[in-house]
Amino acid sequence: MRIVEGDGADGTVLFPIHPAELGHYREFLDHVRAEDAAQRGVCLWATPTSSTRTLVVWPEGRPDAAVFAKLSLQSHLLGDRRLTRGRVAGSVGLSSLVQQCRGELPLGVSFLPESLGFTPRYIPESGVVFRFLPEEIRDGTVLLAPIFALMGGSVQSPSLLVQLLENGRSSTWEALREMLLSGFARIWVDLVFDLGLILEAHGQDLLLGLAPDLAPKGGFYYRDFEGLTVDWGLRRARGIRDPECMPHASEWFCTYETWGYPLYQLVSHKLLISLFDYLHLFLVDLESVLRSLPGNGVTAERCLQEGTLTYQFSYHLRNVIYEKFGMREAHEYDVHSHLARFVKFLMRVRGEIVGGRGP
């Protein structure tokens, strides 16, 4: 899809706008003498995603050229979801940071790059970010499903979890369970302590990689760099080189340290939010769904006790940390119920690394 053509005064930019925001952009469009792309013969198709402001967009007849377009949206119901200059720049900058270290990423996790974004000078609070799809997704080899697709659904449209459990596919559930518990625990610890990358690990931004028959392929994809946070101090201690030019670096604190949120300059707060998202906003709900599905063909889950998934995930988190750093707490407990206590332990592990005493 030709998003940019030419440069200088004669260059053009394809700037998608959410239909609900046309009134907001009207003065800007008149000011820059913008043209409707359709008048140039451009025909784009789009469909919404689970995000309120993100569309999948492709030129007519070219679904293989599809991209995500994350648009600005100001909604009375959902609040101000516009993309400011700092958020657009931060997304593009962090995407380039991850792309630079992609050879060092843990096995089992990939990122959807956001290597292009625009913000009009005339309305710097109303930008757009383009998110690009890896080849295996565009050609249909891998299907993506946000992890919250495992839950919800209805009789007419069952959840992904129900589809996976149909016909007694317990082996599929076991593979999925391993991914969501031990697999993600290792990915999370490796990202945090090897690369200083802290995911916003809730059900919308973390996606499963599935085969065309919906069998889990054993990996995750992560989207939306606006949710990614970074432990810059740990990266400096490890000697990790960051990109030489980061967009909007003149306002580093709001763009790359905090995203403008209170307390986000604290690494402990970033760790707490990341684990809270995964434990409370995903695993607790997944367990509730499993407990409500009697006769689903997974005999081990029919007597699932409350807190089982979060406790098992906690066990795997501690086990990975012990394997990597030889550090262990005196007592085992459910991190979900004692999250602040576990974050204190994580900060002790971080202290060993930053102080040069850890591997």
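This is a predicted model, so every value here is computed, not measured.

Peer 1: Go over the pattern of salt bridges with me, naming the residues and quoting the values.
Peer 2: All chains considered together, the criterion is met by 18 salt bridges. The salt bridge partner of Arg131 is Glu114, with a shortest N-O separation of 2.7 Å. Of the two residues, Arg131 sits in strand β10 (residues 128-132) while Glu114 sits in the loop between β8 (109-111) and β9 (116-118), which places them 17 residues apart along the sequence. Classification of Glu114 by relative accessible area gives buried; the value is 0%. What you see here is one network of salt bridges that share partners, running through Arg53, Lys70, Arg87, Glu114, Arg131, Asp224 and Glu226.

Peer 1: Quick one: what's the story with the sheet that holds strand β13 (residues 206-210), residue by residue and with numbers?
Peer 2: Strand pairing in a sheet relies on backbone hydrogen bonds. The paired strands run either parallel or antiparallel. Across the sheet, which stays open at both edges, the 4 strands sit in the order β8-β14-β13-β11 with mixed pairing between neighbours. Lying at the two open borders of the sheet, with one neighbouring strand each, are β8 and β11 (143-146). The mean angle between the axes of side-by-side strands here comes to 35°, regardless of whether they run parallel or antiparallel. Sheet topology places β8 next to strand β14 (residues 216-222); 3 bridges connect them, and they run parallel. Across the sheet, Phe111 pairs through a bridge with Tyr222, a residue of β14.

Peer 1: Could you give an account of the packing of helix α8 (residues 267-291) against helix α10 (residues 339-354), with specific residues and numbers?
Peer 2: Across the interface, α8 lies against α10 with an axial gap of 10 Å and an inter-helix angle of 130°. On the basis of the axis angle, α8 is oblique to α10. As α8 packs across α10, the resulting crossing turns out to be right-handed. For the pair formed by α8 and α10, the contact residues are Val267, Ser268, Leu271, Leu272, Leu275, Phe276 and Leu279 on the first element and Leu339, Phe342, Val343, Leu346, Met347 and Arg350 on the second. A class-by-class count of the residues in the contact of α8 with α10 yields 11 nonpolar, 1 polar and 1 charged.

Conventions and cut-offs
- Residues numbered from 1 in each chain as written.
- Predicted model: local features only at pLDDT ≥ 70, side-chain atom pairs only at ≥ 80, totals over all residues.
- Heavy atoms only, no water.
- Salt bridge = Lys/Arg side-chain N within 4 Å of Asp/Glu carboxyl O.
- Helix = DSSP H or I, 4+ residues; strand = E, 2+ residues; numbered from the N terminus.
- Buried < 20%, exposed > 50% of the residue type's maximum accessible area, 1.4 Å probe, protein only.
- Pairing = 2+ DSSP bridges.
- Axes fitted to C-alpha atoms, helices over the stretch in contact; angles between N-to-C directions.
- Parallel < 35°, antiparallel > 145°, perpendicular 65-115°, else oblique.
- Left-handed = near helix turned anticlockwise from the far one by under 90°.
- Contact = heavy atoms within 4.5 Å.
- Nonpolar A, V, L, I, M, F, W, Y, C, P; charged D, E, K, R; others polar.

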